[in-house]
Amino acid sequence: MTALVIWQFLWPFGLIILVPVVLGAIGGSAWRVFWPLALALVVGVLMQHQVRTNMDAYSSKQILDVGIAIILAVSLTIVNGFTGQFSIGHAGFLAVGGYVAGSITYYGSFALFGSAGATLGTMSGLYGAKEGAAFVTGGEGLFLFALLAGGLIAALLGVVVGLPSLRLRGDYLAIVTLGFGEIVRVLIQQTPQVLMSKDAIAAAKPLSVPLSVGGSLGFGNVPKYTSLFWVYAAVVLTLIFAYRLKQSSTGRAMLSIREDEIAAEAMGVKTTYYKVWGFAIAAFFAGIAGGLYAHTIGISLSPVDAGFQKSFDIIIMVVLGGLGSISGAAIAAAIVTYLPELLRTPDTLMKFAVVGVPMLVIGGALLAMAGKPDQGPGKKRGHDPRAFPRAVIGLGVIITGLSILAFVAKRFGINLSDYRLILFALALIVMMITRPQGLLGVRELWDGALYRPLRDFFSARRAEGGAA
Amino acid sequence: MDTLLQTLKDALTIGSLYALIALGYTMVYGILKFINFAHSDIVVLGGWLSLVIATKLLAWLGVDLAAGGVASWWVGPVVLTLAMACCGLIGFTIERLAYKPLRGAPRLNVLITAIGVSLFLQNSGQLQFIFGTSPRKIPSLISDATLFSIGDVQVRLLDLVVVGTAVALMLALEYLVFHTKIGRAMRAVSYDVRTAGLMGIPVDRVISFTFILGSSLAAAGGFLWALNFSVIKQPADTSWVLLGLKAFVAAVVGGIGNVRGAMLGGLAIGLLEGFGSTYVNPALRDVYVFAALILVLLVKPGGILGKAVVEKV
Amino acid sequence: MTSTVSSAISMTMSDAAEVLKGSGAAGESLEVRGVFKSFGGLKAVQDFRLSLPPAALYGLIGPNGAGKTTCFNLLTGVYRPDQGEITLGGKSLIGLRPSEIAFTGLARTFQNIRLFGELSVFENVKLACHLRTTHSLAGVILRSGWQRAEEAAIRERARALLQVFNLHDRMDESARNLPYGDQRRLEIARALATGPKVLLLDEPAAGMNPQEKKDLRKLIREVRDVFGVSILMIEHDMGVVMDLCERITVLDYGVPIAEGTPHEIQKNPKVIEAYLGKE
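Since the structure is predicted, the reported quantities are computational estimates derived from the model, not experimental observations.

**Comments concerning the overall build of chain A**
For step 1, the next point in the chain: The secondary structure content of chain A amounts to 18 helices and zero strands.
For step 2, the next point in the chain: Within chain A, the proportion of its 468 residues that are buried is 55%.
For step 3, the next point in the chain: Put simply, chain A shows about 19,400 Å² of open surface, and 70% of that area lies on carbon and sulfur atoms.

Okay, structure coming up:
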């Protein structure tokens, strides 16, 4: 008995050691496979234990939503941001992954455990398991398998959707991907009702069982395994993968397609190959996100999840964050998911002025101090000491603007969260006109080049001081 | 036989509305080379504005349709004209505020802006003090009594008016584009914006005019759509986006940038959808349309009447 | 600034050649015979022929619209010829995708510069280095030792190339922020990074000032000498062409009207007629 408990506690740890050793034996570097998995496990455990114990269920749910949004936004970054193929049917992959995973755990649970109830371990379920539950249960093994299966099926579909990208460019491809999402939605609507009992499953045709996912009524009976642990472990792995991809030759090949397809091809980049890969990878992670979403408590998967409204939500995150920026997409995903909550509490939002107004003042002062951009002969182009003050002012305007908005809303008794989508729409338009590259552009938070405005500002100051 | 006729009648009605809306997509694409995602929301706006105008107008005239009153024959045209004018103005404003600052920007940025404008219109329309979130019935401005029947298929005055107006507007546009000075300017700008500008064509004015034209046609489309179904769905309803998408598909199938192609494409999509849903499976009507789109793009990317564009290296 | 360019090149050229050895397996000739291409009714190129031996430096000239760039596009697979033969070291290039042609050893620059603008100078060159490496997605996920070693090799190669072109102090700038002349040179560096046997330069001197042109001449000649690649260049600047090229082909209305040494070309009445018109 004790041995069993120890085993239950240890096997995931065993797994994270075993997997890297095996993969490392093939690939040559066990450590580089090991640490992301270990980090994912640690972050996941911390999130599950610390956040869950210190926060109410409602806030935990929101943090979970943020995590899923991050995975979705980062996955879309791979296809829209890296390869530059504008896909606006991304929710289709989310839905496919979600339905596949949901169907596997739901009907799989019937087959394996006799009922569809979740067998929660201490790391699963948003609200945690009962006292004395195993660290990891068999049900979670099924859940993990279902997530991967959902991701892989979505990736296969990604290849199918990616194929038109070989012949279509830009907006045409966008329309095809949109059409794909809609087709997925319609097809899901055609699926038969969920089979609610063992008898019903036994009576149904075997092949139709996994397809019985409820049609337009939705699919809400999926066992609710998703927890902060699973979501944030997946977030960590997704981020590390995306980062490695971007740093690799494969990622650069993708970026070159986005920059100039003809030149990329002339430099020997097999553009078709990388485009299809871009779609497949993006679809895989979207499928994983879909699986996590499907198993979240309070969620009933429905065909609408494949529709363009959902796709547009993801696009907003990616565009605001900066097309091609992983960290940008993640930050924007968090903001876009969390902002409605802030809008609901104008008092908190009003306090933003404490940060925003000083930013405006400081930014203005810095702008006054900053010299003119170098334009003399021999000087490097594109260095503008005013860029940094402008960025400070820009952020200040946004933050102060939000608090003023909250003030006005409170004064007139308007519920700002009703205007959430309108605000996002305006943000999208204003962003495209004033800063089309998004928050971070193609850069990452940790890129030195992102801070060049800062350097330019100070180096210009120093140069001036030296001259004087 | 009756099923066939009925399907044909419905398909042609819907197809002519698709064509009307497709014209707006095709004209904007022809000139600015981007999908005006907000176009379908102008259609919605047109439908809802005509509802509001019609209600106000009837109240002002003291006609109570519920109590058996009958709207005068001129109410319909007046509502249509006012809705078209309002939407034309709104289209103009959108172009000036959102799209004009992006002239010369990468196409993707403009596309994203268009998505933003679309979301903005959709969600503003949903606000309680604007149009609200529930479907409404539009006053029946035109009698839906049967005029005559062919077999079991009844043809109402309403049907004739809907199709007739759509066709009349398309003919007017055809005349405008191919036989007037402004039409020639539009075609020139669509052929090459820069050269047209160098030749002394006021490009900005032509683009504004195109938006006004496209938006007012969209308004007409929305008005006729509402009349045809007598109920108008809430602004963010999925069916509107689908309507817009199908109209866009029609424009692509016909050959984007090609005015006659859009009309042809609209009818083709209407027929495909109508016959597909009557004779194969009604639930899959959206699938036929998008499958047709993908097929056309793969086989003849320029569309039926368009020609493929080769990128210059 | 520009005056330092030439000295920097000669200083590092031989060192760099050491690092880059084996990148350009020179020694194969490009043969083009009877290539035709028309767009609809327009006969863009007719009976184009060319024989480019190893380590040669040839020119392709002609009035505007003569079909020079179309020839480059035919050679690099952007367009597919209607008929004719193009072989590199005996291997036919007809029907291959541009990326496959790049792989067989043909690299090019573009008349209207086509750099990867948002990417840094370094990344532009690194990208082109990928051509001769094997890479797999598994390597990306696992970040295997193999993949990391390769990345390191790529970095070193790219850095060496940038040093040759005196662009190494601007490695981290976005390519689009470089001055025009630097962008042109970066395009050549990027093309060289693919390890070509034949380098096609489309108007490399366009938009350069006299000093830059002078430096460019030196650079092109040295690239040929050190890397051993054959170079075919389209150029309008007759000073550059006549000085650099060993042989020149003249195109007019898509038809090659003359071929020979610069001296022969200058005296050829057909060429004079094509450029100046008939009296």
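**As for the overall build of chain C**
For step 1, the next point in the chain: Along chain C, the regular secondary structure elements total eleven helices and ten strands.
For step 2, the next point in the chain: Among the 279 residues that make up chain C, the fraction classed as buried is 58%.
For step 3, the next point in the chain: Summarising the internal contacts of chain C: among those between residues at least 6 apart in sequence, 69% fall at separations of at least 24.
For step 4, the next point in the chain: When the accessible area of chain C is evaluated, it comes to approximately 11,200 Å², of which 52% is carbon and sulfur surface.

**Digging into a nonpolar patch on the surface**
For step 1, the next point in the chain: The grouping of A:Tyr243, A:Leu445, A:Trp446, A:Tyr451, A:Leu454 and A:Phe458 at the surface amounts to a nonpolar patch, some 560 Å² of accessible area in total.
For step 2, the next point in the chain: Here A:Leu454 lies in helix H18 (residues 452-467).

**Things to note about the interface of chain B and chain A**
For step 1, the next point in the chain: On the side of chain A, 37 residues touch chain B, which itself brings 46 residues to the contact.
For step 2, the next point in the chain: When the two sides are added together, the surface that chain B and chain A hide from each other amounts to roughly 3,700 Å², 80% of it contributed by carbon and sulfur.
For step 3, the next point in the chain: The salt bridge involving B:Asp286 is made with A:Arg185; its shortest N-O contact spans 3.9 Å.
For step 4, the next point in the chain: Looking at the side of chain B that touches chain A, the elements with two or more residues in it are helix H3 (75-99), helix H4 (107-126), helix H9 (238-254) and helix H11 (285-299) of chain B.
For step 5, the next point in the chain: With 14 residues, the single largest contributor to the side of chain B that touches chain A is H4(B).
For step 6, the next point in the chain: Looking at the side of chain B that touches chain A residue by residue, the class counts come to 35 nonpolar, seven polar and four charged.

**Some remarks on the sheet that holds strand S8 (residues 230-234) of chain C**
Residues and elements named next belong to chain C.
For step 1, the next point in the chain: One open sheet holds the six strands; their spatial order is S6-S7-S8-S3-S9-S10, and the pairing between them is mixed. Across the chains shown, the open sheet's two edge strands, defined by having one partner strand only, are strand S6 (106-108) and strand S10 (255-260). Strand-to-strand, the axes of this sheet are offset by a mean angle of 20°, without reference to chain direction.
For step 2, the next point in the chain: As judged from the five bridges shared by strand S9 (residues 247-252) and S10, these two strands associate in the antiparallel manner. Each residue of the ladder has a partner; that of leucine 251, found in S10, is proline 256.
For step 3, the next point in the chain: Those strands touched by helix H8 (residues 210-227) are strand S3 (57-61), strand S7 (198-202) and S8, and its axis lies near 155° from that of S8.

**Considerations on the interface of chain C and chain A**
For step 1, the next point in the chain: Opposite the 40 residues of chain C that make contact, chain A presents 40 residues.
For step 2, the next point in the chain: Interface of chain C and chain A: buried area, both sides summed, is about 3,700 Å²; carbon and sulfur atoms make up 59% of it.
For step 3, the next point in the chain: The interface formed by chain C and chain A contains three salt bridges.
For step 4, the next point in the chain: In this structure, C:Glu151 engages A:Arg252 in a salt bridge whose closest nitrogen and oxygen atoms are separated by 3.0 Å.
For step 5, the next point in the chain: Counting across the interface, chain C meets chain A through eight residue pairs in polar contact (both at pLDDT 80 or more).

**Overview of the side chain of A:Gln62**
For step 1, the next point in the chain: Mapped onto the fold, A:Gln62 is located in helix H3 (residues 57-82).
For step 2, the next point in the chain: For A:Gln62, the contacting residues outside a window of four places in its chain are A:Tyr338 and A:Glu341.

**Structural notes on the confidence of the model for chain C**
For step 1, the next point in the chain: Of all residues in chain C, 88% attain a pLDDT of 70 or more, and the chain-wide mean is 84.
For step 2, the next point in the chain: Interface confidence in the predicted complex, given as ipTM, is 0.87; pTM for the same model is 0.87.

**Overview of the nonpolar core**
For step 1, the next point in the chain: Core analysis: the biggest nonpolar cluster contains 280 residues, and A:Leu292, B:Phe37, B:Tyr99, C:Phe165 and C:Leu199 have the highest contact counts within it.
For step 2, the next point in the chain: Setting aside residues up to four positions removed in sequence, B:Phe37 forms contacts with A:Ile88, A:Ile175, A:Leu178, A:Phe312, B:Leu111, B:Ala114, B:Ile115 and B:Ser118.
For step 3, the next point in the chain: Counting 27 residues, the second largest nonpolar core, distinct from the first, contains C:Leu52, C:Ala66, C:Leu93 and C:Ile101.

**Brief notes about the packing of helix H2 (residues 39-61) of chain B against H3(B)**
All names here are of chain B.
For step 1, the next point in the chain: As a packed pair, H2 and H3 sit with axes 9 Å apart at the nearest point and diverge in direction by 135°. Here H3 runs oblique to H2, going by the angle between their axes. Note that H2 runs across H3; the crossing there is right-handed. Across from Ile42, Leu45, Gly46, Leu49, Ser50, Ile53, Ala54, Leu57, Leu58 and Leu61 in H2, the residues of H3 making contact are Val75, Val78, Val79, Leu82, Ala83, Cys86, Cys87, Ile90 and Ile94.
For step 2, the next point in the chain: Residue composition of the contact of H2 with H3, by class: 17 nonpolar, two polar and no charged.

**Let's talk about unusual backbone geometry**
For residues besides glycine, phi is generally negative; the peptide bonds are generally trans as well.
For step 1, the next point in the chain: Even without being glycine, B:Lys33 reaches a positive phi, approximately 60°.
For step 2, the next point in the chain: Relative to the helices and strands, B:Lys33 resides in the loop between helix H1 (2-32) and H2.
For step 3, the next point in the chain: Of note in this structure, C:Tyr253 is not a glycine but carries a positive phi near 50°.
For step 4, the next point in the chain: By the element assignment, C:Tyr253 lies in the loop between S9 and S10.

**Looking at the pattern of salt bridges**
Residue and element names in this part refer to chain B.
For step 1, the next point in the chain: Counting across every chain of the model gives 36 salt bridges over all chains.
For step 2, the next point in the chain: Of the charged contacts, one joins glutamate 174 and arginine 260 as a salt bridge, the two residues approaching to 2.7 Å between their closest N and O atoms. Taken together, the positions of glutamate 174 in helix H5 (residues 157-179) and arginine 260 in helix H10 (residues 259-279) put the pair 86 residues apart, joining distant regions of the chain.
For step 3, the next point in the chain: Look at glutamate 174 and you get buried, because its relative accessible area is 18%.
For step 4, the next point in the chain: Between lysine 246 and aspartate 286 there is a salt bridge, with its nearest N and O atoms 2.8 Å apart. In this pair, lysine 246 sits in helix H9 while aspartate 286 sits in helix H11, placing the two residues 40 residues apart along the sequence.
For step 5, the next point in the chain: We classify lysine 246 as buried; its relative accessible area is 5%.
For step 6, the next point in the chain: On the basis of relative accessibility, which here comes to 10%, the residue aspartate 286 falls in the buried class.

Cut-offs applied
Residues numbered from 1 in each chain as written. Chains lettered and ligands numbered in written order. Predicted model: local features only at pLDDT ≥ 70, side-chain atom pairs only at ≥ 80, totals over all residues. Heavy atoms only, no water. Helix = DSSP H or I, 4+ residues; strand = E, 2+ residues; numbered from the N terminus. Buried < 20%, exposed > 50% of the residue type's maximum accessible area, 1.4 Å probe, protein only. Areas by Shrake-Rupley, 256 points an atom, 1.4 Å probe, with all protein chains shown as cover. Contact = heavy atoms within 4.5 Å. Patch = residues over 30% accessible without salt bridge, like charges linked within 9 Å, V, L, I, M, F, W, Y side chains within 5 Å. Salt bridge = Lys/Arg side-chain N within 4 Å of Asp/Glu carboxyl O. Buried area = accessible area lost by both parts, 1.4 Å probe. Nonpolar A, V, L, I, M, F, W, Y, C, P; charged D, E, K, R; others polar. Pairing = 2+ DSSP bridges. Axes fitted to C-alpha atoms, helices over the stretch in contact; angles between N-to-C directions. Polar contact = N/O pair within 3.5 Å; in protein donor to acceptor, adjacent residues only side chain to side chain. pLDDT = per-residue confidence, 0-100. Core = buried A, V, L, I, M, F, W, Y, C linked by side-chain atoms within 4.5 Å. Parallel < 35°, antiparallel > 145°, perpendicular 65-115°, else oblique. Left-handed = near helix turned anticlockwise from the far one by under 90°.

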